[in-house]
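Residues per chain, in single letters:
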Amino acid sequence: MQLFKDKIIELGKVYPGNVLKVDSFLNHQVDVILLGYLADELHKMYKEMGITKILTIETSGIMLACLTAQKFEVPMLFAKKARTSNLSEEVYSAPVFSYTHNREYTIIVDKNYLSKEDRVLLVDDFLANGCSLRGLWELVQKAGAVAVGAGVAIEKGFQGGGDMLRDMGLRVESMAIIESMDKDGILFRN
Ligand code: G4P
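These numbers come from a predicted model, not from an experiment. Along every chain, residues carry numbers that run from 1 in the direction the sequence is written. Local features in this predicted model are restricted to residues whose pLDDT is 70 or higher, and side-chain atom pairs enter the listing and the counts only when it is 80 or higher, whereas totals over whole chains, interfaces and linings include all residues. Excluding hydrogens and water, the side-chain values take into account all heavy atoms of the structure.

Examining the sheet that holds strand β4 (residues 76-81)
Part 1: Paired strands, in this sense, are two strands between which DSSP finds at least two bridges. Helix and strand assignments follow DSSP, with helices taken as H or I runs no shorter than four residues and strands as E runs no shorter than two, numbered in order from the N terminus. If you trace the eight strands from one edge of the open sheet to the other, you get β5-β6-β4-β3-β7-β8-β9-β10, paired in mixed fashion. Strand pairing shows two members of the sheet lacking a second neighbour, β5 (91-98) and β10 (185-188), which therefore form its edges. Strand-to-strand twist across the sheet, computed as the mean angle between neighbouring axes with direction ignored, equals 30 degrees.
Part 2: In this structure, β5 lies alongside strand β6 (residues 103-110), joined through eight bridges in antiparallel fashion. For helices, the fitted axis covers only the stretch in contact; all axes are lines through C-alpha atoms, and the angles between them, taken along N-to-C directions, range from 0 to 180 degrees.

Here it is as structure tokens:
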């Protein structure tokens, strides 16, 4: 999506360790008009697919997920990062390894909010190694629901998570796929 790529070029800052700072419009201060356009785009791509729920993971996926849910007129559900390893019977859970933070955590959703009738669109702000989306997908599978696909704002293509998920059979649509980036610039996949 050209408008979004232009914004990344204009305001994104590349930090050491392959980190892209987009705090000014995506995941600290939030440009809700811009995110609304991304949500429109996801709606266009998936509107014929009978989506019944938008699923994301706390924290910064929630904004795009909310706006997307509004377009589809379905609920938004966000997986929580479990604070305790003592999980109740009432939740579906999945492990997620974060390469960025170099630690594993567990994500959970209440079983009441995901059922085998659901057709789920997974949404997140960033897709890097793909572990978050894979964890969300596992929650959907545990509920016997269908993961119709994923919608992502920024995919860091060079980290391989998006292509791994596509190879595993998940439809993944990203509004901008970064092929490479360094202090001199950002290159997008066409
Ligand atoms: P993965 O989920 O695709 O495997 O990626 P990874 O574990 O490496 O990413 C973990 C966290 O880092 C996620 O947020 C993700 O959104 C974020 N992230 C990954 N790469 C970048 C980047 O280049 N820039 C920025 N700004 N964020 C990035 P999180 O830790 O779960 O935190 P939250 O902010 O959603 O609460």
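Having seen it, we continue.
A few points about the site of the ligand
Part 1: Neighbouring the ligand are 23 residues; L20, T100, G130, S132 and K156 lie closest to it.
Part 2: Think of a polar contact as two N or O atoms within 3.5 Å of one another; within protein, one of them needs to be a possible hydrogen donor and the other a possible acceptor, and neighboring residues in sequence only count if both atoms come from side chains. A distance of 2.9 Å is found between an oxygen atom of the ligand and a side-chain nitrogen or oxygen belonging to H101.
Part 3: A128 has a polar backbone atom sitting 2.8 Å from an oxygen atom of the ligand.
Part 4: Only the protein chains shown count as covering a residue, and every accessible area follows the Shrake-Rupley method with a 1.4 Å probe. In the complex, the protein chains occlude 85% of the 720 Å² of accessible area that the ligand would expose alone.
Part 5: Looking at the shell around the ligand, the elements that each hand over two or more residues are β2 (19-21), β5, β7 (119-127) and α5 (131-142).
Part 6: It is β7 that provides the largest number of residues to the shell around the ligand, a total of three residues.
Part 7: A breakdown of the residues in the shell around the ligand according to their chemical character gives nine nonpolar, ten polar and four charged. For this description, a residue counts as near a given molecule or strand if any of its non-hydrogen atoms is within 4 Å of it. Think of it as three bins: nonpolar holds Ala, Val, Leu, Ile, Met, Phe, Trp, Tyr, Cys and Pro, charged holds Asp, Glu, Lys and Arg, and polar takes everything else, Gly as well.

Things to note about the pattern of salt bridges
Part 1: For salt bridges, the criterion is a side-chain nitrogen of Lys or Arg within 4 Å of an Asp or Glu carboxyl oxygen. Taken as a whole and judged by the stated rule, the model has 14 salt bridges.
Part 2: Between D23 and K21 there is a salt bridge, and its shortest N-O distance comes to 3.8 Å.
Part 3: Burial classification: accessible surface area is computed with a 1.4 Å probe over protein chains only, and a residue below 20% of its type maximum counts as buried, one above 50% as exposed, and the rest as partly exposed. The class of D23 is partly exposed, set by a relative accessible area of 30%.
Part 4: What emerges from the salt-bridge pattern is a single network uniting E155, D163, R166, E179 and R189.

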